[in-house]
Amino acid sequence: MAFSTITDLDVAAAQRHSSELRSRLLTSTSTTYTTGADGTGNGERVLVLGGTGYIGRALVPELARRGYRPAVLARNAEAKNDAEFADAEIVVGDPTRAQDVLDAVAAAPTAVVISLLSGRRPNDAEECRLVDHDAIVHGIQAAVAHEVQQFVHISDFGAYRPELIPQVYKLQVEGELMGQHHGALDWTIIRPTSYFPYLAMTFGDVKNGEPYRIFDHGEYSVVNPIAREDLAEFIVNHVLREESYGRVLPVGGPWTDDNVVTLKGAGQMMFDVTGRPESWNVVTMASWDKKIARLTRMGRISKQLKPVAYYLEAAKYWSVVDHVAPAYGTRTLRGFMEKLKDREFPTGSFRERMKSGTNLMPTDI
Ligand SMILES: NC(=O)c1ccc[n+]([C@@H]2O[C@H](COP(=O)([O-])OP(=O)(O)OC[C@H]3O[C@@H](n4cnc5c(N)ncnc54)[C@H](OP(=O)(O)O)[C@@H]3O)[C@@H](O)[C@H]2O)c1
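Everything quoted here is computed from the prediction, not taken from an experiment. (Residues numbered from 1 in each chain as written. Predicted model: local features only at pLDDT ≥ 70, side-chain atom pairs only at ≥ 80, totals over all residues. Heavy atoms only, no water.)

**Overview of the packing of helix H10 (residues 285-299) against helix H11 (residues 305-320)**
Direction vectors running N to C along H10 and H11 enclose 150°, while the axes themselves pass 8 Å from each other. As summarised for this structure, H10 and H11 are arranged roughly antiparallel, according to the angle between their axes. Viewed along their axes, H10 and H11 form a crossing whose handedness is left-handed. Only Leu305, Lys306, Val308, Ala309, Leu312, Glu313, Ala315, Lys316 and Val320 of H11 make contact with H10, whose side of the interface consists of Met285, Trp288, Asp289, Lys291, Ile292, Leu295, Thr296, Met298 and Gly299. Taken together, the residues of the contact of H10 with H11 sort by class into eleven nonpolar, two polar and five charged. (Axes fitted to C-alpha atoms, helices over the stretch in contact; angles between N-to-C directions. Helix = DSSP H or I, 4+ residues; strand = E, 2+ residues; numbered from the N terminus. Parallel < 35°, antiparallel > 145°, perpendicular 65-115°, else oblique. Left-handed = near helix turned anticlockwise from the far one by under 90°. Contact = heavy atoms within 4.5 Å. Nonpolar A, V, L, I, M, F, W, Y, C, P; charged D, E, K, R; others polar.)

In structure tokens, the structure reads:
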């Protein structure tokens with residue numbers, strides 16, 4: 001899992017690569033997908049696992065709007081009071097328990113199962129195994145047992161270069177679907193790039209006048225993130241679409257100036273949108289590498305430090321690996337930041353984010 005260290009040569013070459021890649025994207029048209037709602041259902045029941053998370057809260061209403069009958073397996077019965085689930089059936093249960101998933105599929109004839117499951121603490125290897133692998137496999141097994149027509153696995157673009165714990169499990173599930181390890185089942189795998197809140201995580205800090213952290217020049221990689229509304233529309237386009245069975249579909253947001261960014265570019269957008277003067281906290285990648293190595297060594301003897309080492313590695317991963325996929329949708333990262341501008345949301349310190357995982361993300365925008 002450890003990265004190799006970065007030399008001065010890599011530092012300069014990476015910046016050149018990002019600049020060339022970004023220019024190429026901005027002067028090309030992505031023609032893989034056509035944006036727009038395509039296809040409607042006829043009241044078919046679609047069970048969403050992980051439907052109470054960030055993407056689920058956009059996907060479930062989209063399924064209802066498009067003529068499907070969404071059902072959500074929720075750990076918390078209170079979900080039935082949430083506006084996003086007004087047109088959904090809530091089945092109370094825990095996807096880490098195989099019987100709960102079987103019961104949720106068996107409760108009524110089910111045409112499709114979609115998994116959006118993901119552990120909320122990506123540095124907790126045990127939770128990742130339970131959620132990013134075992135719970136999804138429960139969904140696959142229940143789908144096979146009840147002759148569901150299609151299983152849609154929302155994986156991760158990171159599966160093209162898996163380094164982090166959840167990515168490795170996501171890839172493992174993909175392999176099990178492709179190899180039909182759990183029985184015959186039509187599947188579709190979707191690999192989205194990043195979501196907007198992850199690129200806007202430090203928006204509140206910038207708004208409060210704090211500097212934005214970058215590694216060296218801050219231009220090691222490029223990403224075209226996708227809005228959850230656009231991803232929801234994309235997912236529903238592939239529901240019960242036979243041409244999408246047996247396919248892996250990478251997808252990101254528009255290839256436009258306000259959506260294709262390096263990490264420094266995301267920071268510049270924040271300064272621009274908040275009207276704050278640019279202020280950078282430049283950390284050298286060489287010093288970060290040393291920190292990772294030291295914490296990894298210490299993590300071998302300290303249970304508390306192991307997850308910290310993981311977060312430092314994850315911060316590096318997201319800063320150096322390109323996440324560029326064919327474009328879908330119209331919404332942009334800048335548009336998302338414009339919506340954040342007048343909002344208060346708990347930004348959380350680095351330490352708080354480590355403790356609470358993705359729960360600190362603004363999810364109602
Ligand atoms: N974040 C990104 O930028 C990114 C990029 C590409 C792909 N993805 C993938 O896209 C999918 C959707 O992401 P998202 O942001 O919507 O995820 P999310 O908001 O973190 O939601 C995760 C879902 O999994 C459930 N879950 C988490 N831990 C659980 C546990 N221990 N036991 C049972 N259920 C548990 C949550 O239930 P509760 O609500 O009850 O906690 C929730 O429904 C995920 O597969 C993710 O890996 C994410």
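Once the structure has been displayed, the description carries forward.
**Here we look at the environment of Arg121**
Within the fold, Arg121 resides in the loop between strand S4 (112-115) and helix H4 (125-145). In sequence terms Arg121 and Pro307 are 186 residues apart; their C-alpha atoms lie 9.6 Å from each other.

**Notes on the pattern of salt bridges**
Going through the model one piece at a time under the given rule, you end up with 21 salt bridges. Glu84 is the salt-bridge partner of Arg57, the closest N and O atoms lying 3.3 Å from each other. With Arg57 in helix H2 (residues 56-65) and Glu84 in the loop between strand S2 (69-74) and strand S3 (89-92), the pair connects residues that are 27 residues apart, well separated along the chain. We classify Glu84 as partly exposed; its relative accessible area is 26%. (Salt bridge = Lys/Arg side-chain N within 4 Å of Asp/Glu carboxyl O. Buried < 20%, exposed > 50% of the residue type's maximum accessible area, 1.4 Å probe, protein only.)

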